[in-house]
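# Observations on the model geometry
Here is what each chain is made of, one letter per residue.
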Amino acid sequence: MTNFLKHKMRGKSAGEIAGIIIFGTIFIVGLAILFGFIIMWLWNWLMPEIFGLPMLSYWQAVGVFVLFKILLGSMGDCSSSSKSNDSKCKDDSKGKFSKWKHYDKFWEEEGDIAYKKYLERLNNDTNTTEE
């Protein structure tokens, strides 16, 4: 288990964790069902009237959604398959949480002192820029 998950799940019982997983699964399935109905409703409302296309059933609408996801990708920053962009995305995604594994230890050893020093630096920088 990653340190990020350990931090988020600290103090939770096995029953609470199982509940979170079950609720998450139900939520994702519900969202997928909702997307299918929204796509079907929008298609059947617009496409037959505008372009003369046939109406879709629910499963055809889900198929259209899956087809577009396959053809267009995730449409995120890291969807490109180019070498330079791919390595950048891997570095960004790893960097988001990998540094947090040291957070608890840092805070125990230096947290409050380092924070007070930081505030002093901010106050000194503010005072020097105002003069």
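Okay, so let's go over this structure. Everything numeric in this text was worked out from a predicted model, so none of it was measured.

Rules and cut-offs
Residues numbered from 1 in each chain as written. Predicted model: local features only at pLDDT ≥ 70, side-chain atom pairs only at ≥ 80, totals over all residues. Heavy atoms only, no water. Helix = DSSP H or I, 4+ residues; strand = E, 2+ residues; numbered from the N terminus. Expected span 1.5 Å × (residues − 1). Contact = heavy atoms within 4.5 Å. Phe/Tyr/Trp six-rings, centres within 6.5 Å; stacked < 30°, edge-to-face > 60°. Bend = angle between axes of the 7 residues up to and from the residue.

### Some details on helix α3 (residues 58-72)
Here α3 contains 15 residues, and its C-alpha end-to-end distance of 21 Å stays within 8% of the 21 Å for a straight helix at 1.5 Å per residue. Looking at the buried residues of α3, the elements they touch are α2 (14-51). At the C-terminal side of α3, Gly73 shows a positive phi close to 75°.

### Quick look at the packing of aromatic side chains
For the structure on display, the rule yields 5 aromatic pairs. Residues Phe23 and Phe27 carry aromatic rings whose centres are separated by 6.4 Å and whose planes lie at 25° to one another, so their mutual orientation is stacked. Placement of the pair is Phe23 and Phe27 together in helix α2, with a separation of 4 residues, close to one helical turn. With 5.0 Å between their ring centres and 75° between their planes, Tyr58 and Trp59 make a pair best called edge-to-face.

### Some thoughts on α2
Given a rise of 1.5 Å per residue, 38 residues ought to cover 56 Å, and the 53 Å separating the end C-alpha atoms of α2 matches this to within 8%. Of all the bends found along α2, the most pronounced is centred on Trp43 and spans about 30°. If you follow the buried residues of α2, they end up packed against α3.

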